[in-house]
Amino acid sequence: MRHLLSIADLTKNDALSILNTAETLSRASDGPMKKLPTLRGRTIVNLFAEDSTRTRISFEAAAKRLSADVINFSAKGSSLSKGESLKDTAQTLQAMGADAVIIRHSASGAAHTLAQGQWMSGSVINAGDGTHEHPSQALLDAFTIRKHCAHGNDDLTGLRIAIVGDILHSRVARSNVLLLSMLGAHVILVAPPTLLPIGVEYWPVTISYDLDSVIENVDAVIMLRIQIERMTEMYLPNAGEYARFFGLNMDRLARMKPHSIVMHPGPMNRGLEISSESADSARSVIVEQVKNGVSVRMAILYLLLAGNQDLEISL
Amino acid sequence: MSTALPAPDIARAITRIAHEICERNGDSRLITLLGIPTRGAHLALRLAAEIESISGNSVECGTLDITMHRDDLRLRAPRALAPTSIPPLGVEDRHVVLVDDVLFSGRTIRAALDALGEVGRPKTVQLAVLVDRGHRQLPIKADYVGKNLPTSPQQIIKVHLSELDGVDEVLLEEVVG
C-alpha cells in the first residue's frame with residue numbers, strides 16, 4: 001500500500017489493519033498526548049484545493065503527533081488559484097522533497113491523477129476528490145461504529161447502518177458504502193429520488209425514501225450535509241420540507257434502538273438535516289468522530305510512510 | 001535445529017531471575033515490570049507471579065510497545081503495533097524492569113528506553129532477558145540473563161512460550177545457504 005486513493009483499492013485485511021492500528025494508537029493517547037518520533041524528518045504536504053477545516057486540521061494533527069514536518073498549501077493564496085496545473089504543482093512538491101501529499105480537490109479523480117502521473121515519488125492520500133471518494137472519513141466512521149456497536153467483533157457483520165441525505169453529491173457516502181459493506185454491514189441509503197445517483201441500484205445497498213420506516217431498525221445513522229445550493233439547483237423544494245421528511249429530530253431520535261448512534265461528517269446545518277437537540281443528544285458521537293479521525297489518520301500515515309513499501313506487508 | 005533451552009531450564013531461569021530482582025531491589029512494591037510485546041509481555045507476567053510468591057506482595061506489571069520508536073522502520077515492511085499498558089502507579093520514581101525474550105543487537109532496548117522516557121522518569125531502569133545471544137551493536141547490557149547463548153550472527157533463535165505456542169522451548173536454527 002503506497003497510496004490511499006479509494007476504499008475500492010483496499011482489501012478487507014488492509015482496512016482492518018488500519019482500524020486495529022488506530023485503536024492501539026487511540027488507547028495509547030488516552031493519557032497525556034504523547035508525540036511519537038516515528039516520522040521524524042519526513043515532509044507531509046497538505047494540498048487543499050478546496051475548503052476544509054476538520055480534515056486538514058485532523059491530518060495536520062496526526063502528522064505532527066508522528067513528528068513529521070507539515071507544509072500547508074491551500075488554493076487561496078497559492079499558484080493553484082492562478083491556474084497552475086496539478087502536474088506543475090506536483091513537480092514543485094517533488095522538488096521540495098515531499099514524502100507524502102494529502103490532497104483535497106474539487107475534481108473527481110484528482111488524487112488518482114497525482115498518484116499515477118509519475119511526477120512525484122511520494123505517497124498520495126485522497127482527502128476528498130469531487131463527488132468521488134473520501135476514504136479517511138469512511139475509515140473513521142467505520143472505526144467509530146465498530147467501537148460503539150460491534151460488541152468486540154473485528155468487523156461490522158450484522159450491523160444495519162443508514163446513510164441519509166445527499167447521496168448524489170457525497171464522496172463520504174460513496175466511500176462509506178464501499179467500506180461498511182466490505183466490513184459486513186448492511187447499508188441503507190435514505191434520500192429523495194432526486195439526490196440518488198444513476199446506477200445506485202447496482203450498489204451493495206438497500207434504498208429507501210422513507211426515513212421513518214428505517215430509523216427504528218438501525219445501529220447507526222450517518223446524516224449527510226445538505227448544501228443550500230441544492231435548493232436553488234432544484235434538487236429539493238425547500239429547506240423546511242427536507243427537514244420534515246429527511247431531517248433527524250428528537251421525535252425520530254426517540255424511536256431509535258437503545259444503543260444506536262447518530263453520526264455526521266460535518267460541517268452540520270443545524271435545523272436542516274439534523275436538529276440542534278439531536279446533534280447534542282447523548283446518542284450523538286459527532287464530536288467523538290473528530291477525535292477518532294486523528295487516530296485513524298495517524299494509522300494511515302504510519303502504515304503508508306513508516307515502513308518500506310517495497311517489502312511485503314507483514315500485518 | 002537444536003533445543004538450546006528446554007522447558008525445565010526456562011522455568012528455573014525465570015525463578016532465578018525473580019529472586020535476583022527481589023535481592024537487588026529490596027521492596028518489591030517499588031518494582032514495575034514492563035514486558036516488550038509479544039513474548040516479553042508473557043515473560044513479564046511469569047516473573048511478576050514468581051516475585052509475588054517470593055515476596056508476598058503484588059507486583060505492578062504492564063507492556064511497552066516500542067514499534068514507533070524503532071530505528072529500522074524504513075528498512076522493513078510496515079509493522080503491526082502492539083498495545084502499551086502502563087500499570088496504575090506509573091513509572092515515576094519506580095524501579096522499572098524491562099523484560100524481553102532475546103537480547104541481540106540491543107536496538108530494541110534502545111527503542112524501549114526512548115519509549116519509556118516518553119512515559120516518565122523511573123528511579124532506575126533494569127533489563128531482564130531470557131536469552132542473551134551476543135552481537136551487540138549498541139552499548140547495552142542486561143542486568144538479569146536467563147542463559148547466555150553463544151551464537152553466530154547467521155543463526156536464528158526462536159523462543160516458544162506455552163501461552164502462545166503451546167510449549168516452552170528455545171530453539172537454535174542454522175540458516176541454510
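Residues numbered from 1 in each chain as written. Chains lettered and ligands numbered in written order. Predicted model: local features only at pLDDT ≥ 70, side-chain atom pairs only at ≥ 80, totals over all residues.

(A) A look at the nonpolar core. Membership of the largest hydrophobic core comes to 102 residues, with the highest contact counts inside it found for V101, I161, V164 and V221 of chain A. The leading source of residues in this core is helix 12 (residues 286-306) of chain A, at twelve residues. Of the residues that make up this core, three or more belong to each of domain 1 (7-133 + 290-306) and domain 2 (135-286) of chain A. Not counting residues up to four positions away in its chain, the partners in contact with I161 of chain A are I145, L180, A185, V187, V218, D219, A220 and I222 of chain A. Core analysis: the next-biggest nonpolar cluster, separate from the first, contains 43 residues, I10, A13, I51 and L161 of chain B among them. (Core = buried A, V, L, I, M, F, W, Y, C linked by C-beta atoms within 7 Å. Buried ≥ 20, exposed ≤ 12 C-beta atoms within 10 Å, placed from the backbone. Helix = DSSP H or I, 4+ residues; strand = E, 2+ residues; numbered from the N terminus. Domains from an automatic or database assignment. Contact = placed C-beta atoms within 7 Å.)

(B) Up close: helix 3 (residues 86-95) of chain A. Residue and element names in this part refer to chain A. For helix 3, every residue scored as buried is listed here: T89, A90 and L93. Buried residues of helix 3 fall within an arc of 100 degrees about the axis and therefore sit on the same side. Phi turns positive one or two residues past the end of helix 3, at G97, with a value near 85 degrees. (Arc of directions from axis to C-beta.)

(C) Representation of the domain arrangement of chain A within the structure. All names here are of chain A. What the domain assignment lists for chain A is domain 1 (7-133 + 290-306) and domain 2 (135-286). If you average the C-alpha positions of domain 1 and of domain 2, the two centres end up 25 Å apart. In this assembly, 22 residues from domain 1 lie in contact with 20 residues from domain 2. Put simply, the parts of the chain that give the side of domain 1 that touches domain 2 at least two residues each are helix 1 (12-28), strand 4 (123-129) and helix 12. The element that contributes the greatest number of residues to the side of domain 1 that touches domain 2 is helix 1, accounting for six residues. Residue classes in the side of domain 1 that touches domain 2 are distributed as ten nonpolar, seven polar and five charged. (Nonpolar A, V, L, I, M, F, W, Y, C, P; charged D, E, K, R; others polar.)

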